[in-house]
Amino acid sequence: MVGGGPGAFIGAVHRMAARLDGAIELVCGAFGRDAEKSRATGKELFLPAERCYASYKEMFDRESRLPAGERMDFVSITTPNHLHFPVAMKALDAGFHVVCEKPMTLSVEEAEALAAKVESTGLLFALTHNYTAYPMVRLARRMIRNGEIGEIRRIMVEYPQGWLADIVGKDNKQGVWRTDPKTSGVSCCMGDIGSHSENLAEYISGLRIAELCADLKSFVPGRTLDDDGDVLLKFDNGAIGVLTASQIAVGEENALKIRIYGAARAVEWRQEGPDALVVKSKSGGAQILRRNWAGAASEWSRLPAGHPEGFIEAFANIYTDFARAVAAKKEGVAYETQFPTVQDGLRGVKFIHAVVANARSNEKWTRL
């Protein structure tokens, strides 16, 4: 692991998720820019001192020199956004597979270079858009692929949060780097949670955003990056949609919700009640499908119906899928993955930059 040291949130989530199914073991790490803090984190995680590294460059160099059966198989990148690209490129250069937090890079040029590197090395790359791995999200995706809702006409996705409604204090580590262009990139809200919404809409529907029209706003005084925004969408099959993301929606936690309307039926899923998928019909009736009830989405479930599964389990689905892909690659056998790839990451970065460019311009529509 790179990142995930003292004060971090997502690093611990990745570690718990990776361990959940017993397919992955944390064997080494460079957990922060401060060498002593990195080693202290490694000690807390019961890693041997010689495999708690002062930097990711040192880690890749020393790990690559170990025998094949002893070195790490892949790296998990859980740093702030600005480090995703250099760490991922260095890992691929050293011959290691990569799991990376989103957004994948700060610029489109970096994203294109990273996609080219993954293709040229033949190594595996997973982007942790974990919402794609919720069981009922994958069930919705399967239903749409099977033609059960008919041709898609409209997609509505929203992600309101309220945790950045005020000025961020220096002790709020997560808020500080997300609102700083040097570490977050060109966008705060759209880069952080709007990208999740974009990815989820494309993942479930199987469609691609063709054009967009965006309006971004920074409400908090002194904040240079957006903390709220709306995006009109046109999809490649002619469907239309709207994407709303906000981090100043007072009282909201992580209220991600998506509705996809087809010619025959519609599906609705929300992250704060993830074990249910609502399927609506023209007659006005609605069917509520429950995770692992009568086998619904059982292949992505760990617990019986009624015992909620959530955020960490969704992360774990990506990690376990990635572990199986790494094992299959070692054995030289085919394996069909379901995790978001470097190409999804490239689309996500293009989406963020297109939204920002459109919001700053006078043009109505920007092609993606």
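Look a little higher up for the structure.
Analysis parameters
- Residues numbered from 1 in each chain as written.
- Predicted model: local features only at pLDDT ≥ 70, side-chain atom pairs only at ≥ 80, totals over all residues.
- Heavy atoms only, no water.
- Helix = DSSP H or I, 4+ residues; strand = E, 2+ residues; numbered from the N terminus.
- Rg over C-alpha atoms; globule rule 2.2 N^0.38 Å.
- Buried < 20%, exposed > 50% of the residue type's maximum accessible area, 1.4 Å probe, protein only.
- Pairing = 2+ DSSP bridges.
- Polar contact = N/O pair within 3.5 Å; in protein donor to acceptor, adjacent residues only side chain to side chain.
- Phe/Tyr/Trp six-rings, centres within 6.5 Å; stacked < 30°, edge-to-face > 60°.
- Lys NZ or Arg CZ within 6 Å of the ring centre and 35° of its normal.
- Contact = heavy atoms within 4.5 Å.
- Expected span 1.5 Å × (residues − 1).
- Salt bridge = Lys/Arg side-chain N within 4 Å of Asp/Glu carboxyl O.
- Core = buried A, V, L, I, M, F, W, Y, C linked by side-chain atoms within 4.5 Å.
- Axes fitted to C-alpha atoms, helices over the stretch in contact; angles between N-to-C directions.
- Parallel < 35°, antiparallel > 145°, perpendicular 65-115°, else oblique.
- Nonpolar A, V, L, I, M, F, W, Y, C, P; charged D, E, K, R; others polar.

*Asks:* Help me understand the overall build of the protein, please; the structure alone is not making it clear to me.
*Replies:* For the protein, the count of helices and strands is 11 helices and 13 strands. The C-alpha radius of gyration of the protein comes to 20 Å, within 12% of the 21 Å expected for a compact globule of 368 residues. The C-alpha extent of the protein, read off along each of the three principal axes, is 65 × 50 × 40 Å. For the protein, the residues scored as buried account for 52% of the 368 residues in total.

*Asks:* Hey, could you run me through the sheet that holds strand 1 (residues 2-3) in this one?
*Replies:* Adjacent strands of a sheet form backbone hydrogen bonds with each other and so pair up, either parallel or antiparallel. Spatially, the four strands line up as an open sheet ordered 1-2-3-4, and their pairing is parallel. Taken across any chain shown, the strands that pair with only one partner, and hence form the sheet edges, are strand 1 and strand 4 (125-127). Relative to strand 4, strand 3 (residues 97-100) runs parallel, the two sharing three bridges. Among the inter-strand pairings, V99 is bridged to a residue of strand 4, identified as A126.

*Asks:* Looking at this structure, how should I read the pairing of strand 9 (residues 257-262)?
*Replies:* Side chains on a regular strand alternate between the two faces of the sheet. The sheet contact formed by strand 5 (residues 152-160) and strand 9 spans six bridges and is antiparallel. Of the residues in strand 9, the one forming a bridge with I155 is I260. With five bridges connecting them, strand 9 and strand 10 (residues 265-270) associate as antiparallel partners. Bridging across to strand 10, K257 finds its partner in R270. The loop that links strand 9 with its antiparallel partner strand 10 comprises two residues.

*Asks:* Is there a simple way to think about the side chain of D226 in this case?
*Replies:* Its place among the elements puts D226 in the loop between strand 6 (209-217) and strand 7 (228-235). In this structure the side chain of D226 is engaged in a polar contact, spanning 3.0 Å, whose partner is the backbone nitrogen of M190.

*Asks:* I keep staring at the packing of aromatic side chains and nothing clicks. Help me out?
*Replies:* By convention here, two paired aromatic rings are described through the distance between centres and the angle between planes. Summed over all chains, the structure comprises 10 aromatic pairs. Ring geometry for Y131 and Y134: centres 6.2 Å apart, planes at 5°, overall stacked. There is no split in this pair, since Y131 and Y134 are both buried. A network of ring pairs unites the aromatic residues Y131, Y134, Y159, W269, F311 and F315 as a single cluster. The ring of Y203 carries the charged tip of R141 above its face, separated from the ring centre by 4.2 Å. Sitting above the plane of the W365 ring, K234 keeps its charged end 4.3 Å from the centroid.

*Asks:* How should I be thinking about the pairing of strand 10 in this particular structure?
*Replies:* Of the pairings in the sheet, the one linking strand 10 to strand 11 (residues 276-281) comprises four bridges and is antiparallel in character. Paired with V267 across the bridge in strand 11 is V279. What sits between strand 10 and strand 11 in their antiparallel hairpin is a turn of five residues.

*Asks:* I would appreciate a short explanation of the environment of L200 in the present structure.
*Replies:* Looking at where L200 falls in the secondary structure, it is placed in helix 9 (residues 189-205). For L200, a relative accessible area of 0% puts it in the buried group. Residues L200 and L92, 108 residues apart in the sequence, show an inter-C-alpha distance of 27 Å. Not counting chain neighbours up to four residues away, the residues in contact with L200 comprise Y131, T132, V137, L256, I258 and W269.

*Asks:* Looking at this model, I keep getting lost on helix 11 (residues 342-360). Mind explaining?
*Replies:* With 19 residues, helix 11 extends 27 Å from end C-alpha to end C-alpha; this agrees with the ideal 27 Å at 1.5 Å per step. Within helix 11, burial applies to V342, G345, L346, R347, G348, V349, F351, I352, A354, V355, V356 and N358.

*Asks:* Any chance you could explain helix 4 (residues 84-93) here in plain terms?
*Replies:* An α-helical turn contains 3.6 residues, so a residue and the one three or four places further along point in the same direction. When you tally the buried positions in helix 4, you get seven out of 10 residues, the bulk of the element. If you check which residues of helix 4 are buried, you get H84, F85, V87, A88, M89, A91 and L92. In the core, the buried residues of helix 4 are packed alongside strand 1, helix 3 (56-64), strand 2 (74-78), strand 3, helix 5 (108-121) and strand 4. Just downstream of helix 4, G95 is the residue with a positive phi angle, here 90°.

*Asks:* Sorry, what's going on with the pattern of salt bridges here?
*Replies:* It is possible for side chains bearing opposite charge to pair when their charged atoms get close. With the rule as written, the count across this model stands at 20 salt bridges. When the shortest N-O distance is used, the salt bridge between R302 and D21 registers 2.8 Å. Of this pair, R302 sits in the loop between strand 12 (286-290) and helix 10 (311-331) while D21 sits in the loop between helix 1 (10-19) and helix 2 (35-44), placing them 281 residues apart in sequence. Between K330 and D73 there is a salt bridge, with the nearest N and O atoms lying 2.7 Å from each other. Of the two residues, K330 is situated in helix 10 and D73 in the loop between helix 3 and strand 2; the sequence distance between them amounts to 257 residues. For K330, a relative accessible area of 57% translates into the label exposed.

*Asks:* In this structure, what is going on with the nonpolar core? I would like to understand it.
*Replies:* Most often, soluble globular proteins have nonpolar side chains that are buried together. The biggest cluster of nonpolar side chains holds 65 residues, and the ones touching the most others in it are I204, I258, I260, W269, L277 and F351. Ranked by size, the runner-up nonpolar core spans 31 residues in total, among them I77, A91, L123 and V342.

*Asks:* Would you take a moment to explain the packing of helix 5 against helix 11 for this structure?
*Replies:* Where helix 5 contacts helix 11, the two axes come as close as 9 Å, and the packing angle between them is 170°. Between helix 5 and helix 11, the angle is such that the two are roughly antiparallel. Within the contact between the two elements, helix 5 uses V108, A111, E112, L114, A115 and V118 and helix 11 uses V342, Q343, L346, V349, K350 and H353. Taken together, the residues of the contact of helix 5 with helix 11 break down into eight nonpolar, two polar and two charged.

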